[in-house]
Each structure stands twice: as structure tokens, then as C-alpha cells.
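Descriptive structure summary
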Amino acid sequence: MTNFTNNRWLSVITLLLLTANIITLALLWTNKKPGGRREEGKQAPPQGQVFEFLTHELNLDPAQQEAYKKLREEHQGGQKAIQDSIRKAKDEFFALLHQTDISDSMVKMYSRKAVDAEQKLDEFTFRHFQKLRAICNAEQQKKFDDIIQEALHRMAPPRRQGPPPPGMRPPEGDGPPPPPGN
């Protein structure tokens, strides 16, 4: 009789734990927000591309969506060429490391090329969003002004977490000391 009672209690406890685990997993899956924590009182913005985010947030009508799609394609085409020039300028700049006697003026000149290319990309992106704002009505422009910073943050490449890979660490004593707490 005690075996039957013990088995019965084990079965009940096992079923309760299994049910609790299923409920916990279901709650985690249904409340999960991609990208991290959910802020209290704020509705989660739609995830994905900046295009979808702005289209949704600005509530663009079909004609505006089509105009924005053309602007986006134009921007992506021009952006690729500028990014290639940035990459080339930085490659040329860091290729100077192979030379032993390099003047400061030469370093500054090559550095300036990379900075100028990045500035060109920033201006190109600024003009792109200026054109997008122009296709919006007055109400959408107010909303645009409120959300453009978030859209720009979504465009930025993700920041890498953690220490650099082993081969990428600077030698001891090079560069500024790490911030306190790291």
C-alpha cells in the first residue's frame, strides 16, 4: 500500500511540475520581445527594417509608400558607392602602417579622406530623410520629428559586446586605460 501511495504522490508532483514548466514556457514565448527588455507602459515598436518601421509609424498611404520605396532604392544605390569609397579610404589609411617613416601631414591627409567620405555618407542620408519628410503631411511630419532618432539608431550597425577577439587586443600600455568597472 505504501508503494502505491508513494507512486501516486510522485505522479501528482511530476504532473504539477510538468504543467508549471509548460505554462512558464508558454508565457515566455507569448511575451517575448525580440531585442531585449520590454519597457513598462510602452507598446513594442514593430521590429525589422527601418523602411517598415517608418511606414508603420508614419501611417503612410499607398502613394506615399511607393514614393518612399523609390527614395529608399535611390538611397541604397548611392549609399553602396559611398560605403565602398569609405572602405577604400580606410584601407589606404591603414596601409600606411607598413611604412616606417611617415610624416604627420601624410597621416592627416589620408585620415581626412576617410573622414570626408563618411561625411558624404552622412549628408547623403540626411538628404534622403529630408526627402522622406517632404512627402509627409503636416501630422506625419510631427510624428517623423518624434521618431527619426529611433529610426537612425535602428540603421546604425549593432555595437559589439564583450572584449575584442584575442588577436585584436592592443598590447599592454597602448591606448587609454579601460573605464572603471571593466
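Preceding this section is the structure that the text describes.
Keep in mind the model is a prediction, meaning the values are calculated, not measured. (Residues numbered from 1 in each chain as written. Predicted model: local features only at pLDDT ≥ 70, side-chain atom pairs only at ≥ 80, totals over all residues. Heavy atoms only, no water.)

Re the pattern of salt bridges
On inspection of all chains with the given rule, the structure shows 8 salt bridges. In this structure, Glu74 engages Lys131 in a salt bridge whose closest nitrogen and oxygen atoms are separated by 2.9 Å. Here the residue Glu74 occupies a position in helix H3 (residues 62–95), and Lys131 occupies one in helix H4 (residues 104–134), the gap between them amounting to 57 residues. On the basis of relative accessibility, which here comes to 39%, the residue Lys131 falls in the partly exposed class. With a shortest N-O distance of 3.4 Å, Asp116 and Arg112 are connected by a salt bridge. Of this pair, Asp116 and Arg112 both sit in helix H4, 4 residues apart, which is roughly one turn of that helix. Here Asp116 falls in the partly exposed class, since its relative accessible area comes to 38%. Looking at Arg112, the relative accessible area reads 45%, which means it is partly exposed. Each of the salt bridges in this network shares a partner with another, and the network as a whole consists of Lys80, Asp84 and Arg87. (Salt bridge = Lys/Arg side-chain N within 4 Å of Asp/Glu carboxyl O. Helix = DSSP H or I, 4+ residues; strand = E, 2+ residues; numbered from the N terminus. Buried < 20%, exposed > 50% of the residue type's maximum accessible area, 1.4 Å probe, protein only.)

So, helix H2 (residues 50–58)
The complete set of buried residues in H2 reads Val50, Phe51, Phe53, Leu54, Thr55 and Leu58. In the core, the buried residues of H2 are packed alongside H3, H4 and helix H5 (138–155). Looking one or two places after H2, you find Asn59, whose phi comes out positive at around 55°. (Contact = heavy atoms within 4.5 Å.)

Side note on H4
Taking 1.5 Å per residue, 31 residues should reach 45 Å; H4 reaches 44 Å between its end C-alpha atoms and fits that length. Those residues of H4 lying buried are Tyr110, Ala114, Ala117, Leu121, Thr125, His128, Phe129 and Leu132. (Expected span 1.5 Å × (residues − 1).)

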